[in-house]
Every structure is written in C-alpha cells, then in structure tokens.
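Residues per chain, in single letters:
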Amino acid sequence: MRLALERGHAVTASTRQPGAFPLQHARLRVAGGDATDPGVARDALEDCDAVISVIGSAYTRRPVTVYSRAASAVVGAMRESGCRRLLAVTSSGVTPLAQRDDLSVPGRAFHRLARRTFGRTVYDDMERMEAVVSDSPVDWTIVRPPGLTDEPGTGYAIAEDVVEGPYCSRDDLAAVLLDQLDDDRYRRRVAAVSTPGLHVGALTTFRREMLKR
Ligand SMILES: NC(=O)c1ccc[n+]([C@@H]2O[C@H](COP(=O)([O-])OP(=O)(O)OC[C@H]3O[C@@H](n4cnc5c(N)ncnc54)[C@H](OP(=O)(O)O)[C@@H]3O)[C@@H](O)[C@H]2O)c1
C-alpha cells in the first residue's frame, strides 16, 4: 500500500478493521468489511482500474473458503463495474510437484507434507480461488510467491509457473504486483516470484506464520 502511494496511485484499501489501518494519505480511501461479501467488494471497487488481492488465511485444520469466496465477490464486482485488471496472490504451495524442478529433495518432502497435512485446507481453497479467477473474463494474473518474509526487498525474480528461490520479501511482492499493473507479459497466466538469495530458514518462517494466528 505504501509503495502504491509512493508511486502516485490512488488506492482503496479494503479491510475488516478500517479503524486500525496504519496509513493515512490524501490518495488513500479505506473501505471496511468482509471481502467475501459481494456488497463490500462492489463498494471497494468504485472508480478502480485494477484490483490486487492479498487476502489470506493462516494454516488451520478447519475448512477454508475465504480465498474462493472473496475471489467470486471480486470477479462479480469487476464484471459489474467494468474494471479489467486483477492480480490475485496465492502461493507456490499450489504449484504441482511435477512442475517444481526448483526444489531440493528436502524441499520436495516439505512441499508434499505442507500440501497434504498442515496446509491442506488453505491450499485447497487457493486452488478454488485460482479456478474462479482463471475462468473469469477479466485480465487476470495469478501471482504465486513462496514463503514471505519481512526482510527488505532486494529485487525480485519472476517467471511463468516456477522460479528459483524459497522466499520472497513482502517488499518485493509489493513491487511485483505494482509492476504487473502495466505489464501484459503474464496476463491470463501464472507468475511465480521470489527474492533470489534470500534465506531465513524454514523453521523461522514456519514459527512466524503460526504465531500470526
Ligand atoms: N505468509 C506466507 O508465507 C505466504 C506464502 C505464500 C503466499 N502467501 C499469500 O500472500 C498474501 C499475503 O500474505 P501475508 O502473510 O502477508 O498476509 P496475512 O498477514 O495473512 O494477511 C492476510 C490479510 O487478509 C485479510 N483477510 C482475511 N480474511 C478476510 C476477509 N474475510 N475479509 C477481508 N480481509 C480478510 C486479513 O485481514 P485481518 O487482519 O482482518 O484478518 C489480512 O489483512 C496472501 O494472499 C497469502 O495467502 C503468504
């Protein structure tokens, strides 16, 4: 959000906790509500040229539907408003193992474990989100990062489907998403992104993500 404002965009942030939103700016509108509600999506999209979805859920054993329901609401609102460009963030965890020639043997084992056990309900719903988005008529790009970290961005790598690198800095993910607004290379495609050379350790990332609950 901060980077979008620095780049001169007018931005609407859609959040369930508008009163706690940490930024204020003349070009920032903060809209409140649950993103799975079609009315909330419709309100948030007013006068927008593009939508960036970074909606997320922590790993949980419970069924997850927030990705797919929010995607349905957003795509519906985009069709009504005529807004064309959609960037939807899912995860490298949904990339089929058969395509993951970037992974080491332990990396493949971790991917399989996450997909089948502690991450299963999240990844299942990310797949449903990707289906909603890719079946829609809008100009979509699905962006799949690996583990996200708060380390400063150092520049990203991007490629179709698979890219080397086990982590992506949130700064670099923000830069990718904003760069893609004016870039058609990955229109109606899946873009994998990472921060090359970034390494923080799987256990550190796992602990951080679990503590977000
Ligand atoms: N963390 C990772 O390692 C990782 C790895 C790969 C991909 N991703 C994906 O990258 C994106 C960003 O991840 P992150 O870890 O930075 O995000 P995050 O901290 O998990 O934040 C997700 C956001 O989604 C919002 N949200 C959840 N349910 C909502 C709902 N029903 N209506 C409105 N807002 C809702 C949350 O709002 P509240 O604060 O109100 O709950 C939160 O602001 C997500 O799409 C995530 O799935 C993350």
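Residues numbered from 1 in each chain as written. Predicted model: local features only at pLDDT ≥ 70, side-chain atom pairs only at ≥ 80, totals over all residues. Heavy atoms only, no water.

As recorded by an unreviewed UniProt entry, the protein carries the name Putative NADH-flavin reductase and is attributed to Microlunatus sagamiharensis.

Engineer: Looking at this structure, how should I read the overall build of the protein?
Structural biologist: What the protein contains, in helices and strands, is seven helices and nine strands. Scaling as 2.2 N^0.38, a compact globule of 213 residues should have a C-alpha radius of gyration of about 17 Å, and the protein matches this with 17 Å. Looking at the protein as a whole, 43% of its 213 residues are labelled buried. A separation threshold of at least 6 residues defines the contact pool for the protein, and within that pool the share at least 24 residues apart is 68%. (Helix = DSSP H or I, 4+ residues; strand = E, 2+ residues; numbered from the N terminus. Rg over C-alpha atoms; globule rule 2.2 N^0.38 Å. Buried < 20%, exposed > 50% of the residue type's maximum accessible area, 1.4 Å probe, protein only. Contact = heavy atoms within 4.5 Å.)

Engineer: Could you clarify how one ought to interpret the sheet that holds strand β3 (residues 50-53) in this entry?
Structural biologist: What holds strands together in a sheet is hydrogen bonding between their backbones, with the strands either parallel or antiparallel. Spatially, the five strands line up as an open sheet ordered β3-β4-β5-β9-β7, and their pairing is mixed. For this open sheet the edge positions go to β3 and β7 (157-160), each flanked by a neighbour on one side alone. Between one strand axis and the next, the sheet turns through 20° on average, direction left out of account. In terms of strand pairing, strand β5 (residues 139-144) meets strand β9 (residues 189-194) through four bridges, oriented parallel. The residue bridging Ile142 from the neighbouring strand is Val190, located in β9. Helix α3 (residues 66-81) rests against β3 and β4 (85-89) of the sheet, and its axis sits at about 175° to β4. Along the sheet face, helix α6 (residues 170-180) touches β3, β4, β5, β7 and β9 and points at about 160° away from the line of β4. (Pairing = 2+ DSSP bridges. Axes fitted to C-alpha atoms, helices over the stretch in contact; angles between N-to-C directions.)

Engineer: What is the right way to read the nonpolar core from this model?
Structural biologist: Inside soluble globular proteins, nonpolar side chains tend to come together where they are buried. Counting 26 residues, the largest nonpolar core has Val51, Met78, Leu86, Val122, Tyr123 and Val133 as its most contacted members. Of all elements in the fold, only α3, β4, α5 (120-134) and β5 reach the threshold of two or more residues within this core. A total of seven residues in this core trace back to one element, the largest contributor, which is α3. For Val51, the contacting residues outside a window of four places in its chain are Leu45, Val74, Met78, Cys83, Arg85, Leu86 and Leu87. Leu87, Val89, Val143 and Leu173 belong to the second largest nonpolar core, which has eight residues in total. (Core = buried A, V, L, I, M, F, W, Y, C linked by side-chain atoms within 4.5 Å.)

Engineer: Is there a simple way to explain the pairing of β9 in this structure?
Structural biologist: Side-chain direction in a regular strand flips from residue to residue, so the side chains alternate between the two faces of the sheet. Burial analysis of β9 places five of its six residues in the buried class, which makes it a mostly covered element. Inspection of the sheet shows β7 paired to β9 by four bridges, in the antiparallel sense. From the neighbouring strand, Ile158 faces β9, where its bridge partner is Val193.

Engineer: How do you make sense of the packing of aromatic side chains when you look at a structure like this?
Structural biologist: Pairs of aromatic rings are described using the distance from one ring centre to the other and the angle between the two planes. In total, this model carries three aromatic pairs according to the counting rule given. For the ring pair Tyr59 and Tyr123, a centre distance of 5.9 Å and an interplane angle of 70° mean the geometry is edge-to-face. In this pair, Tyr59 is assigned in the loop between β3 and α3 and Tyr123 in helix α5, connecting sequence segments 64 residues apart. The exposure class of Tyr123 is buried, given its relative accessible area of 7%. Summarising the aromatic geometry, the rings of Phe110 and Phe118 are spaced 5.9 Å apart at their centres and angled 50° between planes, so their arrangement reads as tilted. (Phe/Tyr/Trp six-rings, centres within 6.5 Å; stacked < 30°, edge-to-face > 60°.)

Engineer: For this particular structure, what's the right way to read the environment of Arg69?
Structural biologist: Mapped onto the fold, Arg69 is located in helix α3. Along the sequence, Arg69 and Val132 sit 63 residues apart, while their C-alpha atoms lie 9.1 Å from each other.

Engineer: Explanation requested: empty space enclosed by the protein in the structure shown.
Structural biologist: If you roll a probe as big as a water molecule over the atoms, it shows you where there is empty space left. Counting across every chain of the model gives one cavity of 30 Å³ or more. If you add up the space inside the largest cavity, you get close to 70 Å³. Around the largest cavity, the lining is made up of 13 residues, and of these Ser92, Arg100, Arg144, Val163 and Ala192 lie nearest the centre. Residues that form the lining of the largest cavity fall into these classes: five nonpolar, four polar and four charged. (1 Å grid on protein atoms, 1.4 Å probe; cavity = no way out; pocket = protein on both sides within 12 Å on 5 of 7 lines; lining within 4 Å. Points joined across faces, edges and corners; volume = space filled by probe spheres on them. Nonpolar A, V, L, I, M, F, W, Y, C, P; charged D, E, K, R; others polar.)

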